[in-house]
Amino acid sequence: MSFTPRVFSGIKPSGDLHLGNYLGAIRRFVPLQDTHETIYCVVDMHAITVWQDPDDLKRWTYEIAAAYIAAGLDPKKSIIFNQSQVVEHAELSWIFNCVARMGWMARMTQFKDKAGENSENVSLGLFAYPSLMAADILLYKATAVPVGEDQRQHLELTRDIAKKFNHDFAKQIAAAGFEDEFFPITETLATGPAMRVKSLKDGAKKMSKSEASDLATIYMMDDADLIAKKIKRATSDAEALPTEAAGLAGRNEAENLVGVYAALANQSVDQVLAEYGGKGWGVFKPALADLAVSVLAPIADEMKRLVSDRGEMDRILGDGAERARAIAQPIMADVRKLVGFVR
Ligand code: AQP
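Definitions and cut-offs
Residues numbered from 1 in each chain as written. Predicted model: local features only at pLDDT ≥ 70, side-chain atom pairs only at ≥ 80, totals over all residues. Heavy atoms only, no water. Patch = residues over 30% accessible without salt bridge, like charges linked within 9 Å, V, L, I, M, F, W, Y side chains within 5 Å. Areas by Shrake-Rupley, 256 points an atom, 1.4 Å probe, with all protein chains shown as cover. Salt bridge = Lys/Arg side-chain N within 4 Å of Asp/Glu carboxyl O. Lys, Arg positive; Asp, Glu negative; His and termini not counted. Charge placed at Lys NZ, Arg CZ, Asp CG, Glu CD. Helix = DSSP H or I, 4+ residues; strand = E, 2+ residues; numbered from the N terminus. Core = buried A, V, L, I, M, F, W, Y, C linked by side-chain atoms within 4.5 Å. Buried < 20%, exposed > 50% of the residue type's maximum accessible area, 1.4 Å probe, protein only. Domains from an automatic or database assignment. Expected span 1.5 Å × (residues − 1). Bend = angle between axes of the 7 residues up to and from the residue. Contact = heavy atoms within 4.5 Å. Buried area = accessible area lost by both parts, 1.4 Å probe. Polar contact = N/O pair within 3.5 Å; in protein donor to acceptor, adjacent residues only side chain to side chain. Nonpolar A, V, L, I, M, F, W, Y, C, P; charged D, E, K, R; others polar. Phe/Tyr/Trp six-rings, centres within 6.5 Å; stacked < 30°, edge-to-face > 60°. Lys NZ or Arg CZ within 6 Å of the ring centre and 35° of its normal. Near = heavy atom within 4 Å.

(A) Fine view of a positive patch on the surface. A grouping of Lys201, Lys229, Lys232 and Arg233 is seen on the molecular surface, where their side chains present a positively charged patch. On the secondary structure map, lysine 229 appears in helix α10 (residues 224–232).

Below is the structure:
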C-alpha cells in the first residue's frame, strides 16, 4: 500500500532545550519540510509523565515552538502545534494500550533509566509513554520520524504496534476496502554525526534536559560567554586529536566533541580531523566554542523575540492544531469503525 510521504516528530516541554535536541532533532526537521508533508509537535502530554510545574510547562511549550521556527521551520509549510490541542492523540493511545503487550513496554531501556530503583512509584503514564508516542506518529500515518539515537527503540515499538494492529484487525481492514496495511511501518531517520550528543561532563551519558549539573549541558538560550565556559571546562583527555575517525575509538569525550563540531559545521568527522588532527584541546575547544556561538546565538535571539509575542505564538499553535486535526480526525474515524465502536 502506498502512503503519503509524511514526517512527524516531537519534543517534550520538560526542561530547557539543549544542543542534543537541536542537533539530534530540530536541525534535521528543517530540510524535510521541502520534501515531505511535515508535522512537528510539542508533546506536552508526554512531559507530564513526570511532574511538571504548570507554569514551567507553558513556558517550555512556547519555547520549543519558538525554537522550531527560529531554527528555520516555516509554520505555513510545516504543521506546528502542541499535542494536547488534538485530543485524538489520547484516544488512539488508549487503543494502542490495548494492542501493545506489557512485556514490550517492560523492555524499554528509557523507562528503566528514568524509573531507576523507583519503578513501583513512577506514573503509569511513564510506563505507557511509548504507546502514546506510537499514537502521535500513527494518528497521521507518518511514514518517517527524524529522532536522535535514544528514540530508536521506541520507534521499533511503534512498528510493532502498527504490525499488530494491522494483523489483529486484518479482516475488518480488508472488508473496509483498505489494502493489506492500515498503518504504515514507519521509518526511523537517525543517521549522521551527533545523533547522540553526550554530557560535557561524562562521555558515557547523553546530554539531557534533566541533567543535574548545569555545566554538562549547553542550553539553546545560553549566552556566548556561558557556552565558551562550558566547552572550555568540558571533560576531555590528555592526548592530541587523531588524524582519522578510527583514532577516536575508546575516547568517548573526544569523539563527542568532534562529532558536535562536525554536525555544527556540516562537515564529516574526517573533514574535521583533517583540519584539527595532531592539534591539542587548547586549539580545538576555542574553535568549537566560536562555532557553537555562531550557530546558536542567532537562534536564541529569534527564540526570545518569538516567545515575547504570546498572541502570535497562540495563533501559530492554534492554526497548526486545526490543520493537524484535519488529518487526524478522518484516520481516527476509520480506527473507531475498525475496532467496532458504535457512534
Ligand atoms: N543528547 C541527545 N543527542 C541527540 N538527540 C537528542 N535528543 C534528546 N537528547 C539528545 C532528541 O531530541 C528529541 C526530543 O527529545 P525529548 O525531549 O522528547 O525526549 P528526550 O530524548 O528524553 O530528551 P531529554 O533532553 O533527555 O529530556 P528529559 O531529560 O526530560 O528526558 C528526540 O528526537 C531525541 O532523540
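(B) Spotlight on the nonpolar core. Core analysis: the largest hydrophobic core is formed by 61 residues, its most contacted members being Leu23, Ile26, Tyr68 and Phe284. Among the elements that make up this core, the one with the highest residue count is helix α13 (residues 281–307) (eleven residues). Two domains each put at least three residues into this core: domain 1 (6–195 + 309–339) and domain 2 (224–305).

(C) Structural detail: the environment of leucine 132. You can see leucine 132 is positioned in helix α7 (residues 124–138). Spatially, the C-alpha atom of leucine 132 lies 24 Å from that of alanine 66, the residues being 66 residues apart in sequence.

(D) View of α7. In a regular helix each residue adds 1.5 Å, so 15 residues correspond to 21 Å; α7 covers 22 Å between its end C-alpha atoms and thus fits that length. The sharpest bend along α7 comes to roughly 45°, located at proline 130. Most of α7 is tucked away: twelve of the 15 residues are buried. Buried residues of α7: Leu126, Phe127, Tyr129, Pro130, Ser131, Leu132, Met133, Ala134, Ala135, Asp136, Ile137 and Leu138, and no others.

(E) Main features of the domain arrangement of the chain. Domain boundaries in the chain define domain 1 (6–195 + 309–339) and domain 2 (224–305). The interface of domain 1 with domain 2 comprises 13 residues on the first partner and 13 residues on the second. Taken together, the two surfaces of domain 1 and domain 2 that pack against each other cover about 950 Å², and 77% of this comes from carbon and sulfur. Linking domain 1 with domain 2 are zero salt bridges. Between domain 1 and domain 2 we count two residue pairs in polar contact (both at pLDDT 80 or more) in total. Those elements that place two or more of their residues in the side of domain 1 that touches domain 2 are α1 (19–32) and α3 (54–70). Here the side of domain 1 that touches domain 2 is composed, by residue class, of ten nonpolar, no polar and three charged.

(F) The arrangement of the environment of glutamate 253 in detail. As for its placement among the helices and strands, glutamate 253 is situated in helix α11 (residues 252–265). On the accessibility criterion, glutamate 253 (22% relative accessible area) is partly exposed. Spatially, the C-alpha atom of glutamate 253 lies 47 Å from that of aspartate 180, the residues being 73 residues apart in sequence. When sequence neighbours within four positions are dropped, the list of residues in contact with glutamate 253 reads Asp202, Gly203, Thr235 and Ser236. In this structure the side chain of glutamate 253 is engaged in a polar contact, spanning 2.9 Å, whose partner is the backbone nitrogen of glycine 203.

(G) Inspection of the packing of aromatic side chains at higher detail. Summed over all chains, the structure comprises 17 aromatic pairs. Relative to phenylalanine 182, the ring of phenylalanine 165 has its centre 6.0 Å away and its plane inclined at 40°; by these criteria the two rings are tilted. Of the two residues, phenylalanine 165 is situated in helix α8 (residues 152–168) and phenylalanine 182 in the loop between α9 (170–175) and β5 (187–189); the sequence distance between them amounts to 17 residues. Note on tyrosine 261 and tyrosine 276: the rings are 5.4 Å apart at their centroids and 65° apart in plane angle, and the pair reads as edge-to-face. A residue pair is termed long-range when its members are at least 10 positions apart, and tyrosine 261 in helix α11 and tyrosine 276 in helix α12 (residues 269–276) qualify at 15 residues. Accessibility expressed as a relative area gives 9% for tyrosine 261, which makes it buried. The buried category is assigned to tyrosine 276, whose relative accessible area is 9%. Connected via pairs of aromatic rings, a cluster forms that spans Phe96, Phe165, Phe169, Phe178, Phe182 and Phe183. Of note, lysine 141 hangs over the ring of phenylalanine 182, and the distance from its end group to the ring centre comes to 3.8 Å.

(H) Inspection of unusual backbone geometry at higher detail. The phi torsion at lysine 141 lies on the positive side, around 50°, for a residue other than glycine. Mapped onto the fold, lysine 141 is located in the loop between α7 and β4 (144–146). Accessibility expressed as a relative area gives 12% for lysine 141, which makes it buried. Positive phi is not limited to glycine here, since asparagine 266 has a value of about 55°. Among the secondary structure elements, asparagine 266 is positioned in the loop between α11 and α12.

(I) The arrangement of the site of the ligand in detail. Every one of the 24 residues lining the ligand counts as a neighbour, but Lys114, Asp150, Ser208, Lys209 and Ser210 are closest to it. A distance of 2.3 Å separates an oxygen atom of the ligand from a polar atom in the side chain of lysine 114. Glutamine 151 is positioned such that a nitrogen or oxygen atom in its side chain is 3.4 Å from an oxygen atom of the ligand. Computed on the free molecule, the ligand has an accessible area of 650 Å², of which 97% lies beneath the protein chains in the complex. Secondary structure elements with two or more residues in the shell around the ligand: β1 (6–11), α1 and α6 (109–115).

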